[in-house]
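# Coordinate analysis (summary)
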Amino acid sequence: MVTRTLPIAGRQPPRPVDPSLDLEAEIARLKNERSATILAHYYQDSEIQDVADFIGDSLQLAQAAKKTEAKVICFAGVHFRAETAKILNPDREVVVPDLEAGCSLADGCPGAKFAAWKARFPGAVAVTYINCSAEVKALSDYIVTSSNAEKIVAQIPRDRTILFAPDRNLGAYLAKKLDRPMEIWQGSCIVHDTFSERKLIALKERNPTALVLAHPECEEPILRMADFVGSTTGILKYATGSPATTFIVVTEPGILHQMQKAAPGKTFIAAPPEANCACNECPHMKKNTLEKVYLALRDLEPKLVMRPDLIEKARVPIDRMLALSAS
Ligand code: 13P
Ligand code: SF4
């Protein structure tokens, strides 16, 4: 039998996958057998999105992780998202297709450096984007996502200093929108930093009726050109509800799969990166494959294991976020 082998996160030996398998059918069978659910982010490959039980933005994925009754959560996204699911469900098994699927924002804000930065501002409120490690969450007062950050920051008394980490673009966007100065950690997303103002202007000239929809992780010049700025779900809802028919989408192009499904008669154009590369695709999200989703469900590996004390501390600001997002 011919087999392909896939390494697991550098820690375990490669596991063979029989290439004759119908992976979609096997995944459906295993989900049933294990009482498992697959949660996936919009930036996953379309074939992963198509086997998922739930697809959403960061807030919706956290809410779905909290609500699920499944015994096993297979999280097709990146490490900090699976951690969030585990924090909200410490008694459930959380498996991930690839443990090495990280995030430039989370990786650029190590816990020790964040703690030292925070110590420089005694009495400040630490509002942290969900794209961070559990260590950083445990040191934060509030966790926010791109869909609720504005609402949560607006509720913090104006006489309190706000520390915002780790995304400088989302931080600058919030500070401007709410007219609220903040101390901002200088991190960014390698994907959203790659979009080119020059190429976007040229694309808009070629498609003058197209609306520009951008994620707030993009840099300021891109956001200034946007007709709508919001989370992945926000972008999806705006495009489906708008009377316009053509949209330039300035975020990771994985979202286009659900946009095309929701509005097949509309045209969605993925914004190009500055260089002639595929660097508008998230290399971390794309580490996950359908084979790895199958293996995670078959072997219940790789499994996310976290220290109970860390889970307890990191849960506090996530619960605050979920409570403030409920209404
Ligand atoms: P949202 O899906 O919450 O908009 O986040 C986008 C993102 O950065 C994913 O890593
Ligand atoms: Fe992180 Fe950017 Fe990838 Fe999202 S798209 S996981 S923010 S690197």
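Residues numbered from 1 in each chain as written. Chains lettered and ligands numbered in written order. Predicted model: local features only at pLDDT ≥ 70, side-chain atom pairs only at ≥ 80, totals over all residues. Heavy atoms only, no water.

What the protein contains, in helices and strands, is 15 helices and 14 strands. By the compact-globule yardstick of 20 Å for 327 residues, the protein fits well, its C-alpha radius of gyration being 20 Å. C-alpha atoms of the protein, sized along the principal axes, occupy 60 × 50 × 35 Å. Looking at the protein as a whole, 57% of its 327 residues qualify as buried. Put simply, of all contacts in the protein between residues at least 6 apart along the chain, 64% involve residues at least 24 apart. When the accessible area of the protein is evaluated, it comes to approximately 14100 Å², of which 52% is carbon and sulfur surface. Of the charged side chains in the protein, 40 are positive and 40 negative; the average position of the first set lies 3 Å away from that of the second. (Helix = DSSP H or I, 4+ residues; strand = E, 2+ residues; numbered from the N terminus. Rg over C-alpha atoms; globule rule 2.2 N^0.38 Å. Buried < 20%, exposed > 50% of the residue type's maximum accessible area, 1.4 Å probe, protein only. Contact = heavy atoms within 4.5 Å. Areas by Shrake-Rupley, 256 points an atom, 1.4 Å probe, with all protein chains shown as cover. Lys, Arg positive; Asp, Glu negative; His and termini not counted. Charge placed at Lys NZ, Arg CZ, Asp CG, Glu CD.)

We now examine helix α3 (residues 58–67). Taken together, the buried positions of α3 are occupied by S58, L59, L61, A62, A64 and A65. Its buried side turned inward, α3 meets β3 (36–41), β4 (54–56), β5 (72–76), α4 (79–88) and α15 (308–325).

What follows concerns the sheet that holds β4. Strand order across the open sheet formed by 4 strands is β4-β3-β5-β6, with parallel pairing between neighbours. Sheet topology places β4 and β6 (93–95) at the edges, where each strand pairs with a single neighbour. Averaged over neighbouring strand pairs, the angle between their axes works out to 25° when direction is ignored. In this sheet, β4 lies alongside β3 in parallel orientation, the contact comprising 3 bridges. The partner of H41 across the bridge, within β4, is G56. (Pairing = 2+ DSSP bridges. Axes fitted to C-alpha atoms, helices over the stretch in contact; angles between N-to-C directions.)

Let's shift gears to the sheet that holds strand β9 (residues 162–165). Taken in spatial order, the 4 strands line up as β8-β7-β9-β10 in an open sheet, and their pairing is parallel. The sheet is open, and its two edges are formed by β8 (142–144) and β10 (183–184), each paired on a single side. Note that β9 and β10 share 2 bridges and pair parallel. Counterpart to F164 in the pairing with β10 is I184. Docked against the sheet, helix α6 (residues 111–119) engages β7 (125–129), β9 and β10, running at close to 160° with respect to β9.

Moving on, we get to the site of ligand 1. Contacts to ligand 1 come from 13 residues, most closely from H41, S58, R81, E217 and T232. Within the side chain of R81, an N or O atom sits 2.8 Å from an oxygen atom of ligand 1. S146 has a polar side-chain atom sitting 3.0 Å from an oxygen atom of ligand 1. Each residue belonging to the shell around ligand 1 can be placed in one class, and the counts come to 3 nonpolar, 7 polar and 3 charged. (Near = heavy atom within 4 Å. Polar contact = N/O pair within 3.5 Å; in protein donor to acceptor, adjacent residues only side chain to side chain. Nonpolar A, V, L, I, M, F, W, Y, C, P; charged D, E, K, R; others polar.)

Running from N to C, α3 and α4 point in directions that differ by 35°, and their axes come no closer than 8 Å. Where α3 crosses over α4, the two elements pack in a sense that is right-handed. Each of S58, L61, A62, A65 and K66 in α3 lies in contact with α4, whose residues at this interface are R81, T84, A85 and L88. Taken together, the residues that form the contact of α3 with α4 break down as 5 nonpolar, 2 polar and 2 charged. (Left-handed = near helix turned anticlockwise from the far one by under 90°.)

In this section: the state of the cysteines. Such a bond, covalent and formed between the sulfur atoms of two cysteines, is termed a disulfide. Applying the stated criterion to the full structure yields 1 disulfide. Lacking any disulfide linkage, C218 is separated from the closest cysteine sulfur, that of C189, by 8.3 Å. Judged by relative accessible area, C218 falls into the buried class, the value being 0%. (Disulfide = S-S within 2.5 Å.)

Here the structure, examined in full by the defined rule, presents 6 aromatic pairs. Look at F228 and Y238: their rings are 4.6 Å apart centre to centre, the planes differ by 20°, and that puts the pair in the stacked class. In this pair, F228 is assigned in strand β12 (residues 228–229) and Y238 in helix α12 (residues 232–241), connecting sequence segments 10 residues apart. A residue is classified by how much of its surface remains accessible, and Y238, at 29% relative accessible area, is partly exposed. Above the ring of Y142, the side-chain terminus of R320 is found at 5.8 Å from the ring centroid. (Phe/Tyr/Trp six-rings, centres within 6.5 Å; stacked < 30°, edge-to-face > 60°. Lys NZ or Arg CZ within 6 Å of the ring centre and 35° of its normal.)

Taken together, Y43, V78, C103, S104, L105, N131, C189, V191, E217, C282, H284 and M285 make up the full set of residues near ligand 2. Tallied by class, residues from the shell around ligand 2 come to 8 nonpolar, 3 polar and 1 charged.

By size, the foremost hydrophobic cluster in this structure holds 94 residues, and its most contacted members are F164, I248, V250, M259 and M321. Looking at this core, the element that brings in the most residues is α15, giving 6 residues. Non-local contacts of F164, meaning those with residues more than four positions away in its chain, are made with W117, V127, Y129, V144, L170, G171, L174, M182, E183, I184 and W185. (Core = buried A, V, L, I, M, F, W, Y, C linked by side-chain atoms within 4.5 Å.)

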